[in-house]
Amino acid sequence: MAQFVFGPYRLDPEGGALWREREIVSVRPKCFDLLLYLVQHRGKVITKETLLADVWKDVVVSESALSRTVAELRDILQDNAEAPQFIETAQRRGYKFIGKVVEIGKEVFAPRSRVSLVHRGIEFPLDDGSHLIGRGRDVAIVLHGAAISRHHARISVQGKTILLQDLESRNGTFVNGIRVTGPQSLRAGDRIEIGGEMLVVSSPTAETIPPPA
């Protein structure tokens, strides 16, 4: 069964566990069920009536029980109802999960991309094109940390060529311990450090090459 990764969290439906990085977060069963339902239906507004019917299908409860559970879940995820990263309120209608979610452990990811970034055991495929890295909601690879800028760095992939560029971040971007000062070519095995977070360039064919001079 697939697991769901969003921000620093990993939701394991089969194991019934919510992880924050390397630690299990204590979540009561109904909060877990609600989070799983919202994540599985991410990007869609789920009405209060639907949530009560599907998540509380074995018992009759009022909307106040749903509101309390959502508030409890936001507290667990350290989410802010006024400026949400994960759970957005649709006034008078219901709720929507808005966080970027990566599913792991499913066949849908095969065949694997030729090049990817690996961060904390999670693999982010890098198809041809531009990939933003940072803590903003609109980036391709989301990292969390006070030392990470909203748009921290960008990786551009074209064929076998991979280029990394720092986007004038406050704390800089490093490759194999050296600060990036301009477009930097990458090879498989290179280590990228951003705000204390480490990402490793992975390629099963190790065919990445630098751009022409």
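## Some thoughts on the overall build of the protein
Right, on to step 1. A tally of regular secondary structure across the protein gives three helices and 19 strands.
Right, on to step 2. Taking contacts inside the protein between residues at least 6 apart in sequence as the whole, the part at least 24 apart equals 44%.
Right, on to step 3. Roughly 11,700 Å² of accessible area belongs to the protein as shown, and the carbon and sulfur atoms make up 48% of that amount.
Right, on to step 4. Separation of charge centres in the protein, based on 28 positive and 26 negative side chains, amounts to 3 Å.

## Side note on the packing of aromatic side chains
Aromatic ring pairs are reported here in terms of the distance separating the ring centres and the angle at which the planes meet.
Right, on to step 1. This model, assessed by the stated rule, comprises five aromatic pairs.
Right, on to step 2. Between Phe-86 and Phe-97, the aromatic rings sit 6.1 Å apart at their centres with planes inclined by 20 degrees, giving stacked as the arrangement. Highlighted residues: Phe-86 in the loop between α3 (63-77) and β6 (87-90) and Phe-97 in strand β7 (residues 94-97), separated in sequence by eleven residues. Take Phe-86 and Phe-97: they sit in the same class, and that class is buried.
Right, on to step 3. Aromatic ring contacts, followed pair by pair, group Phe-6, Tyr-9, Phe-86 and Phe-97 into a single cluster.

What counts, and where the lines are drawn
Residues numbered from 1 in each chain as written. Predicted model: local features only at pLDDT ≥ 70, side-chain atom pairs only at ≥ 80, totals over all residues. Heavy atoms only, no water. Helix = DSSP H or I, 4+ residues; strand = E, 2+ residues; numbered from the N terminus. Contact = heavy atoms within 4.5 Å. Areas by Shrake-Rupley, 256 points an atom, 1.4 Å probe, with all protein chains shown as cover. Lys, Arg positive; Asp, Glu negative; His and termini not counted. Charge placed at Lys NZ, Arg CZ, Asp CG, Glu CD. Phe/Tyr/Trp six-rings, centres within 6.5 Å; stacked < 30°, edge-to-face > 60°. Buried < 20%, exposed > 50% of the residue type's maximum accessible area, 1.4 Å probe, protein only.

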